[in-house]
Amino acid sequence: MGAETQLQQQIFQRNTDFINAIEFMDNVIANASLGFRNLWFDLIPRGAMPLGEGLVRKTHRFHGARGDQAGLQNWEPIQRGRDPSPNDPGYNTCNYSAELVDSGFETIEWTGFQSFKRTPDICINDLKFDWEFDQQLDLIMSHLSDITIATWENWGREMYLAHAADEGNIFVLTNGSPNGTPLVDLGGGNGIYNPFTSTEIRIPRDVPIGTLEWDFFAWHHQFLTDMAPRGAVAQDGDMPLFGLPVHPIDIDDMIHRDPQLREDLRYSNPNVLVENYGKVKQFKGYALTNDIHPMRFRAKSGGTTASHITLERVLPYFEEDITIKTKPHLDPAYLNAEFAMGAIFLTDVFDTLVPAAGPANPGGGTSFGVTPSLMGEFTWLNIPDIDRNPLSEIGRYFARFQGFARPGIHSQEAIGFLYKRCVQTTVFSCIPCEVQADAAEVVAVSSVTAIVDEEAGETAASYTKVSVTLAQCLDCTSPSSLFVDYAAAVPSEAFVSDVTGVLVADAGAPTYELIFDTEADHATLITATARVLCA
């Protein structure tokens, strides 16, 4: 067998391996989706989009009237019939003055969107020399399934909040407003929020943003129980449970800041089963469906005007250079972002319809063959090209995504909310003494003992560490700098710092340990009239 024939067979076999791997793509995606909870991927329904019915579609929604809401003024006493007379208009028991009960129909237009993904080109010569091919193929399959799931997860989150924005239902948590202050269009061409044009939002400059407060969720639970009870993700007896996809650290912060809320949570029923998702914690009418990568924002540089502040998105990951190309790295700026947007999750806000890739044989003798689905199914492409790929040695994985977000019966009740995150760390200092010196108060030294580290070459006449007992406890704790005045002629003499040490241990206060930068016989220098002062 000639070398050229062997090469052709090798190329054919490698292409076959890549193509055969596609058979298992759906299984890999299923396994990956079962391994991770992806709220927006799991809970947004998906279905098939019928072909041949147009690109722009319409949904017709019926709105029925409500019955009586207050008073009984439209009720009247039951009477016997009477003929009219000069002083009586009479009463006809077979004539009824009925209130009109009306209803309405609303038409909502919707259309589809598409996106495409591909891998870098893969050359068989790289495979031959650089790759453990079987292992790499498994890794590629797993990686591509992650891409597909992440793409639909992002689609679900963004489309949900886009529906909320279209209805003016994105609120800023502010003081004094139980349901929050609705965001309005402040210009910039992006409406309230439009993920197809920008991921930025504009907020009024004079509206302070508050942290998560349960009163806000209680108000909207009351609203949704009336307006969208069938949008509940689960039921607790006769109470509908709506989803609350917020990062658990922000929920935890809200609960720990409110002792009463924390006490209520302690005695609440902890779990509820959400269909297609699993068990989650429930609390006061909500299922705490954690969103691990919620939308987070920071103030945009140069985005402040007299009327508004622009908040830009902070992405969870950035690309970090490694040996070959890059790897994703969790961005600390995302963890520290001070603003976030959450949602109150309802079922049937929208469902995603994915068109078929197209009939293989539409008729008239026309044939296109089998093509990969538009659900994000990656397929192996190896297209010969006389100049670039003459021997069919270069290929890539390629996927298409197409989705139509068909509005559901609760598309007008989707709710989003913008809030401030408490990312600061509260530091508590140890208080070793009940009574301590006031701030900036000079404290007298009672005794000093040298601490000599002989292993480090220190001697009794040259060392860096001492144990000092003071007349009272300091108002500073370790580690902190401490000024030392070696000697004072009288206690009232002005304090003059001769050396600065570092307070490194305060557990035995008012006895402390100090370390100095340079070696000396510090216990001798610090006399009986020495004094110290916190820096």
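Definitions and limits used
- Residues numbered from 1 in each chain as written.
- Predicted model: local features only at pLDDT ≥ 70, side-chain atom pairs only at ≥ 80, totals over all residues.
- Heavy atoms only, no water.
- Helix = DSSP H or I, 4+ residues; strand = E, 2+ residues; numbered from the N terminus.
- Buried < 20%, exposed > 50% of the residue type's maximum accessible area, 1.4 Å probe, protein only.
- Areas by Shrake-Rupley, 256 points an atom, 1.4 Å probe, with all protein chains shown as cover.
- Core = buried A, V, L, I, M, F, W, Y, C linked by side-chain atoms within 4.5 Å.
- Contact = heavy atoms within 4.5 Å.
- Phe/Tyr/Trp six-rings, centres within 6.5 Å; stacked < 30°, edge-to-face > 60°.
- Lys NZ or Arg CZ within 6 Å of the ring centre and 35° of its normal.
- Salt bridge = Lys/Arg side-chain N within 4 Å of Asp/Glu carboxyl O.
- Disulfide = S-S within 2.5 Å.
- Pairing = 2+ DSSP bridges.
- Axes fitted to C-alpha atoms, helices over the stretch in contact; angles between N-to-C directions.
- Parallel < 35°, antiparallel > 145°, perpendicular 65-115°, else oblique.
- Nonpolar A, V, L, I, M, F, W, Y, C, P; charged D, E, K, R; others polar.
- Expected span 1.5 Å × (residues − 1).
- Arc of directions from axis to C-beta.
- pLDDT = per-residue confidence, 0-100.

Engineer: Where do I start with the overall build of the chain in this structure?
Structural biologist: If you tally the helices and strands in the chain, you get ten helices and 28 strands. Expressed as a percentage of its 535 residues, the buried residues of the chain come to 38%. A total of about 30,900 Å² of accessible surface is found on the chain, and carbon and sulfur atoms cover 53% of it.

Engineer: Sorry, what's going on with the nonpolar core here?
Structural biologist: Across soluble globular proteins, nonpolar side chains show a tendency to be buried alongside one another. Grouped together as the largest cluster of nonpolar side chains are 74 residues, with contacts concentrated most on Y160, L212, F217, L244, I344, F417 and L418. The leading source of residues in this core is helix α5 (residues 133-166), at eleven residues. Apart from residues lying up to four places away in sequence, Y160 is in contact with W40, A343, I344, F345, L346, V349, F350, A414 and I415. The next biggest cluster of nonpolar side chains, apart from the first, holds 25 residues, and it includes L470, Y512, L514 and I526.

Engineer: Sorry, what's going on with the packing of aromatic side chains here?
Structural biologist: Each aromatic ring pair is characterised by the separation of its centres together with the angle its planes make. A complete count under the given rule lists 19 aromatic pairs for this structure. Within the aromatic cluster, the residues linked to one another by ring pairs are F171, W214, F216, F217, F283, Y286, F417 and Y419. For the cation-ring pair, R46 lies above F41, with the distance from its terminal atom to the ring centre recorded as 4.3 Å.

Engineer: Can you walk me through the pattern of salt bridges in this structure?
Structural biologist: According to the stated counting rule, one finds 17 salt bridges in the structure shown. Residue R157 is joined to D291 by a salt bridge in which the shortest nitrogen-to-oxygen separation is 3.0 Å. Pair noted here: R157 is in helix α5 and D291 is in the loop between β13 (286-288) and β14 (295-304), with a separation of 134 residues, a long-range link. The residues R157 and D291 share a single accessibility class, namely buried. Connected through shared salt-bridge partners, R118, D121, R388 and R396 make up one network.

Engineer: Please clarify how the state of the cysteines should be interpreted in this entry.
Structural biologist: A covalent bond between the sulfur atoms of two cysteines is referred to as a disulfide. In total, this model carries one disulfide according to the counting rule given. The disulfide partner of C476 is C534, and the gap between their sulfur atoms is 2.0 Å. Of note, the bridge from C476 to C534 carries an S-S torsion of about -70° and is left-handed in sense. Here C476 is found in the loop between β24 (463-470) and β25 (480-485), whereas its partner C534 is found in strand β28 (residues 531-534), with 58 residues between them in sequence.

Engineer: So what exactly am I meant to see when it comes to the sheet that holds strand β26 (residues 499-505) here?
Structural biologist: Strand pairs in the sheet, formed through backbone hydrogen bonds, run parallel or antiparallel to each other. Strand order in the closed barrel made by the six strands is β23-β24-β27-β26-β25-β28, with antiparallel pairing throughout. Neighbour-to-neighbour, the strand axes of this sheet turn through a mean angle of 45°, independent of strand direction. Sheet topology places strand β23 (residues 443-451) next to β28; two bridges connect them, and they run antiparallel. The residue bridging V443 from the neighbouring strand is V532, located in β28.

Engineer: Mind showing me how you'd approach the environment of A299 here?
Structural biologist: By secondary structure assignment, the location of A299 is in strand β14. Take A299: its relative accessible area is 47%, and that puts it in the partly exposed class. Residues A299 and R202 lie 97 residues apart in sequence; the distance between their C-alpha atoms is 9.7 Å. Apart from residues no more than four positions distant in its own chain, A299 is found in contact with I309, T310, L311 and E312.

Engineer: Which parts of the structure should I look at to understand the packing of helix α7 (residues 248-257) against helix α8 (residues 259-266)?
Structural biologist: Two quantities define a packed helix pair, namely the angle between the axes and the distance from one axis to the other. With their axes 5 Å apart at the nearest point, α7 and α8 run at an angle of 110° to one another. Between α7 and α8, the crossing angle belongs to the class labelled roughly perpendicular. Counted together, M254, I255, H256 and R257 of α7 and P259, L261, R262 and L265 of α8 form the full contact between these two elements. By residue class, the composition of the contact of α7 with α8 is five nonpolar, one polar and two charged.

Engineer: Help me out: how do you make sense of helix α6 (residues 214-227) in this one?
Structural biologist: Think of an α-helix as turning once every 3.6 residues; residues three or four places apart then point the same way. Taking 1.5 Å per residue, 14 residues should reach 20 Å; α6 reaches 20 Å between its end C-alpha atoms and fits that length. Of the residues making up α6, those classed as buried are W214, F216, F217, H220, H221 and L224. The buried residues of α6 occupy one face: seen down the axis, they fall within an arc of 140°. Opposite the buried face of α6, at more than 90 degrees from it, the exposed residues are D215 and Q222.

Engineer: What exactly am I supposed to notice about the side chain of E413 here?
Structural biologist: Position of E413 among the secondary structure elements: in the loop between β21 (394-407) and β22 (415-420). According to the relative accessible area criterion, E413 is buried, its value standing at 10%.

Engineer: Explain the confidence of the model for the chain here, please?
Structural biologist: For the chain, the average pLDDT comes to 82, and 83% of its residues sit at 70 or higher. Summarising per-element confidence for the chain, the mean pLDDT is lowest in helix α2 (residues 25-35) (52) and highest in strand β18 (residues 339-344) (95).

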